[in-house]
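Inside the fold
Listed below are the residues making up each chain.
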Amino acid sequence: MYQQSVVSIKDLRFATLACPRCNTRVTVDLNAEFEPESRRRPFVAPRACPRCDTPFDSAVPEAVDSLQEVYKALAKLGSAVTFTANGDQSVPPPPPPAK
Ligand SMILES: [Zn+2]
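Residues numbered from 1 in each chain as written. Predicted model: local features only at pLDDT ≥ 70, side-chain atom pairs only at ≥ 80, totals over all residues.

1. Observations concerning the overall build of the protein
Of the regular secondary structure elements, the protein holds one helix and four strands. In the protein, the succession of α and β elements from N to C terminus is β-β-β-α-β. Every one of the 99 residues in the protein was classed for burial, and the buried ones make up 9%. For the protein, the share of sequence-separated contacts (at least 6 apart) that also reach a separation of at least 24 residues comes to 54%. (Helix = DSSP H or I, 4+ residues; strand = E, 2+ residues; numbered from the N terminus. Buried ≥ 20, exposed ≤ 12 C-beta atoms within 10 Å, placed from the backbone. Contact = placed C-beta atoms within 7 Å.)

What follows is the structure in structure tokens.
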């Protein structure tokens with residue numbers, strides 16, 4: 001049976017980073033506002049594990065920060081843009097409706 005879920009970007013509010021060393025998981029609120037100290041730069045992803053201080057691969061927090069920018073842009077659009085998650089990856093999604 002083919003199952004899919006359609007979600008709004010706001011349904012995907014939290015992203016979780018896993019520390020490669022101690023497996024601590026850090027959940028980031030993509031809807032978070034600006035870092036209290038600076039207010040210049042959005043604060044999202046930590047650069048290092050808060051438990052063991054092992055730095056994350058720099059690509060990880062950078063990607064999450066980029067995701068936050070996209071998240072905020074899409075969240076402003078409300079339900080104009082939604083995402084579809086395929087429950088069964090072996091079945092292709094249905095074709096888009098004809099214009
Ligand atoms: Zn760690």
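2. What to know about the environment of Ser 58
Relative to the helices and strands, Ser 58 is located in the loop between β3 (25–29) and α1 (59–75). Expressed as a C-alpha distance, the spacing of Ser 58 and Arg 47, which sit eleven residues apart in the sequence, is 7.2 Å.

3. As for the confidence of the model for the protein
Should the pLDDT be low somewhere, the predicted coordinates at that spot are not to be read in detail. Looking at the protein as a whole, the pLDDT averages 82, with 80% of positions reaching at least 70. When the elements of the protein are averaged for pLDDT, strand β4 (residues 82–86) gives the smallest value, 85, and strand β2 (residues 14–18) the largest, 92. (pLDDT = per-residue confidence, 0-100.)

4. Quick word on the pairing of strand β1 (residues 4–8)
Of all five residues in β1, zero are buried; the element is thus mostly exposed. Looking at chain direction, β1 and β4 are connected through five bridges and run antiparallel. Note on β4: the bridge partner recorded for Gln 4 is Asn 86. (Pairing = 2+ DSSP bridges.)

5. Some words on the nonpolar core
Membership of the largest hydrophobic core is limited to five residues, which are Val 28, Leu 30, Val 44, Ala 45 and Val 64. Excluding residues within four positions of it along the chain, Ala 45 makes contact with Leu 17, Val 28, Pro 61, Val 64 and Asp 65. (Core = buried A, V, L, I, M, F, W, Y, C linked by C-beta atoms within 7 Å.)

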